Amino acid sequence: MPSDYWKRNMFVEFMEDGLSVQLRDRIGVENMLWGSDYPHAEATFPRSQQFIQRMFEGVPDGDVRKITSENAARMFQFELN
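Figured I'd write up the structure that's included with this text.

Cut-offs and rules
- Residues numbered from 1 in each chain as written.
- Predicted model: local features only at pLDDT ≥ 70, side-chain atom pairs only at ≥ 80, totals over all residues.
- Heavy atoms only, no water.
- Helix = DSSP H or I, 4+ residues; strand = E, 2+ residues; numbered from the N terminus.
- Rg over C-alpha atoms; globule rule 2.2 N^0.38 Å.
- Buried < 20%, exposed > 50% of the residue type's maximum accessible area, 1.4 Å probe, protein only.
- Contact = heavy atoms within 4.5 Å.
- Phe/Tyr/Trp six-rings, centres within 6.5 Å; stacked < 30°, edge-to-face > 60°.
- Patch = residues over 30% accessible without salt bridge, like charges linked within 9 Å, V, L, I, M, F, W, Y side chains within 5 Å.
- Areas by Shrake-Rupley, 256 points an atom, 1.4 Å probe, with all protein chains shown as cover.
- Salt bridge = Lys/Arg side-chain N within 4 Å of Asp/Glu carboxyl O.
- Core = buried A, V, L, I, M, F, W, Y, C linked by side-chain atoms within 4.5 Å.

1. Some points on the overall build of the protein chain
Stage number 1. Helix and strand content of the protein chain: 5 helices and 2 strands.
Stage number 2. The secondary structure elements of the protein chain, listed N-terminal to C-terminal, are α-β-α-α-β-α-α.
Stage number 3. Its C-alpha radius of gyration of 13 Å places the protein chain within 12% of the 12 Å reference for a compact globule of 81 residues.
Stage number 4. Projected onto its principal axes, the C-alpha positions of the protein chain cover 40 × 25 × 25 Å.
Stage number 5. A burial count over the protein chain gives 32% of its 81 residues as buried.
Stage number 6. Look at the contacts in the protein chain between residues 6 or more apart in sequence, and 47% of them connect residues 24 or more apart.

2. Some words on the packing of aromatic side chains
Stage number 1. This structure, assessed with the given rule, holds 4 aromatic pairs.
Stage number 2. Judged by centre distance (6.1 Å) and plane angle (35°), the ring pair of Trp34 and Phe51 falls under tilted. Of this pair, Trp34 sits in strand 2 (residues 32-34) while Phe51 sits in helix 4 (residues 48-55); the two residues are 17 residues apart in sequence, bridging distant segments of the chain.
Stage number 3. For Trp34, a relative accessible area of 12% translates into the label buried.
Stage number 4. Note on Phe51: relative accessible area 11%, which makes it buried.

3. Some details on a nonpolar patch on the surface
Stage number 1. A cluster of nonpolar side chains, Met75, Phe76 and Phe78, forms an exposed patch at the surface whose accessible area comes to about 330 Å².
Stage number 2. Here Met75 is to be found in helix 5 (residues 61-75).
Stage number 3. In this structure Met75 comes out as partly exposed when scored by relative accessible area, which is 32%.

4. Considering the environment of Leu33
Stage number 1. Within the secondary structure, Leu33 is located in strand 2.
Stage number 2. Exposure remark for Leu33: the relative accessible area of 9% places this residue in the buried category.
Stage number 3. On a C-alpha basis, the gap between Leu33 and Met75 in space is 9.7 Å, while along the polypeptide they are 42 residues apart.
Stage number 4. Excluding residues that lie within four positions of it along the chain, Leu33 makes contacts with Phe11, Val12, Glu13, Phe14, Ile67, Asn71, Ala72 and Met75.

5. Concerning the nonpolar core
Stage number 1. Judged by nonpolar contacts, Phe14, Val21, Val29, Met32, Trp34, Phe51, Ile52, Met55, Phe56, Val59, Val64 and Ile67 together constitute the single largest core of 12 residues.
Stage number 2. For this core, the secondary structure elements donating two or more residues are strand 2, helix 4 and helix 5.
Stage number 3. Top contributing element to this core by residue count: helix 4, with 3 residues.
Stage number 4. If we skip the residues at most four places from it in the chain, Ile67 touches Phe14, Arg24, Val29, Met32, Leu33, Trp34 and Phe56.

This is the structure we're talking about:
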């Protein structure tokens, strides 16, 4: 199925997309990556933490961790401590 291919091989990255956050269960939390776009001028840095709090308000902590760090670590095969 195409959805199986998506879940196994694809990621979607976003910086400011409230709709993606709302549709995370349809997209697949495991396939989502949040990016700050650092060091570009439109980046959320140095207010990334405030941006994340606003963007993910009401989202379970586990989903936020996956989207903001764990999924990228898995994709790049990094180890998180």
